[in-house]
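Structural characterization, general
Next come the chains, spelled out residue by residue.
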Amino acid sequence: YQRRVHGVACTPVADADFEYRVQGQWRRDTAGGRVSGSDTWGSNPQLHLHLKQAGRVAVALHQRPLDPTDPPRHIAFYLFRGAAAVTEFERGQCVGWSDFLPYPTVFREFDLEAGDFVVVPMTWTRGEEAAFDVAVYTAAVATLRRIPRLADA
């Protein structure tokens, strides 16, 4: 069967019993841009995903432009191992990423072990503002929450 995610028809992960969702926003001071070509990417909002058991996980990032007449931005997300905010790119800690696409939603599936991960949603260009949702679909029991940052205060 198919499920509609923000208007996009997609086939969810097999046996995805749970959906976890967090809303966020890229603001001027938290829109750090992409990993390559930007030394500020670590200032992007970050989410802690804790999986209580191993399993297939689908992550979807959906953008909501602040001005509805704005075209979609190029967006993507990276997934890292760990529970704390990521400030430096370490290849050994990077589990994977979605493609950067100018679509309302980008989506990627992962086979993950139980443990802690950090989801870093980002725009291609530093300083681009928009609201977003991150949704995680899985059969595993999990938690998804914002990692508090100094810029969020």
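The following refers to the structure shown. Keep in mind it's a predicted model, so treat the numbers as computed, not measured.

Looking now at the overall build of the protein. Across its full length, the protein carries zero helices and eleven strands. Ordered by position from N to C terminus, the α and β elements of the protein give β-β-β-β-β-β-β-β-β-β-β. Among the 153 residues that make up the protein, the fraction classed as buried is 46%. Partitioning the contacts of the protein with sequence separation of at least 6, the portion at a separation of at least 24 is 79%. As displayed, the protein offers around 7,800 Å² of accessible surface, 50% of which is attributable to carbon and sulfur atoms.

Relative to the elements of secondary structure, Ala130 occurs in strand E10 (residues 130–138). Put simply, Ala130 and Arg64 are 66 residues apart on the chain and 5.9 Å apart in space, counted from C-alpha to C-alpha.

Read from one edge to the other, the open sheet built from five strands follows the order E7-E6-E9-E4-E11, with strand pairing classed as antiparallel. Edge positions in the open sheet fall to strand E7 (94–97) and strand E11 (142–146), since each of these has one partner strand only. Each neighbouring strand pair of the sheet contributes to a mean axis angle of 20°, computed without reference to strand direction. Note: strand E6 (residues 75–81) against strand E9 (residues 115–123), seven bridges, orientation antiparallel. Each bridged residue has a counterpart across the sheet, and for Arg81 the counterpart in E9 is Phe117.

So, about the sheet that holds strand E3 (residues 18–26). Strand order in the open sheet made by the four strands is E3-E10-E5-E8, with antiparallel pairing throughout. Because the sheet does not close on itself, it has two edges, and the strands there are E3 and strand E8 (105–112). In this sheet, adjacent strand axes meet at a mean angle of 20° when their direction is disregarded. Across nine bridges, the pairing between E3 and E10 is antiparallel. Residue pairing for E10: Tyr20 is matched across the bridge by Val136.

Rules used in this analysis
Residues numbered from 1 in each chain as written. Predicted model: local features only at pLDDT ≥ 70, side-chain atom pairs only at ≥ 80, totals over all residues. Heavy atoms only, no water. Helix = DSSP H or I, 4+ residues; strand = E, 2+ residues; numbered from the N terminus. Buried < 20%, exposed > 50% of the residue type's maximum accessible area, 1.4 Å probe, protein only. Contact = heavy atoms within 4.5 Å. Areas by Shrake-Rupley, 256 points an atom, 1.4 Å probe, with all protein chains shown as cover. Pairing = 2+ DSSP bridges. Axes fitted to C-alpha atoms, helices over the stretch in contact; angles between N-to-C directions.

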